[in-house]
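Below, each chain spelled out in residue letters.
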Amino acid sequence: MNRRKASLWAKAFYQAQKQAGKTHQAAIRALAFKWIRILFRCWQDRVPYDEAKYLLALHQKGSPLAQQILSQA
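Okay, so let's go over this structure. What you are looking at is a predicted structure, and each value in this text was computed from that prediction instead of being measured.

### Overview of unusual backbone geometry
Link 1 in the chain: Its identity is not glycine, yet Arg46 carries a phi of approximately 60°, on the positive side.
Link 2 in the chain: If you trace the backbone, Arg46 turns up in the loop between helix H3 (24-45) and helix H4 (51-60).

The following block contains the structure:
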């Protein structure tokens, strides 16, 4: 599945990368790096990925990405 289109934060992250002047390939690489970090943590903790939990964590940390997601909704 194309997570860039199915995940709210992934779509917002990709768009932010493009707005920052990154090429499509660079934006995809940056997004892949974020996914690797998330999935590695899920693997370490032995828990499945939970989109709602990740969005809540972004919001609690005051992430600019969380603000962008709220503005898009």
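### Comments concerning the nonpolar core
Link 1 in the chain: Among the nonpolar cores identified, the biggest contains 13 residues, and Trp9, Leu31, Leu58, Leu65 and Ile69 are the most heavily contacted of them.
Link 2 in the chain: Breaking this core down by element, the ones donating at least two residues are helix H2 (8-19), H3, H4 and helix H5 (64-72).
Link 3 in the chain: Apart from residues no more than four positions distant in its own chain, Leu65 is found in contact with Trp9, Ala12, Phe13 and Leu58.

### Quick word on the pattern of salt bridges
Link 1 in the chain: All told, the structure shown has one salt bridge when counted by the stated rule.
Link 2 in the chain: Its salt-bridge partner being Asp45, residue Arg41 comes within 2.8 Å of it at the nearest N-O pair. Within this pair, Arg41 and its partner Asp45 are both found in helix H3, separated by four residues, close to a single helical turn.

Procedures and definitions
Residues numbered from 1 in each chain as written. Predicted model: local features only at pLDDT ≥ 70, side-chain atom pairs only at ≥ 80, totals over all residues. Heavy atoms only, no water. Helix = DSSP H or I, 4+ residues; strand = E, 2+ residues; numbered from the N terminus. Core = buried A, V, L, I, M, F, W, Y, C linked by side-chain atoms within 4.5 Å. Buried < 20%, exposed > 50% of the residue type's maximum accessible area, 1.4 Å probe, protein only. Contact = heavy atoms within 4.5 Å. Salt bridge = Lys/Arg side-chain N within 4 Å of Asp/Glu carboxyl O.

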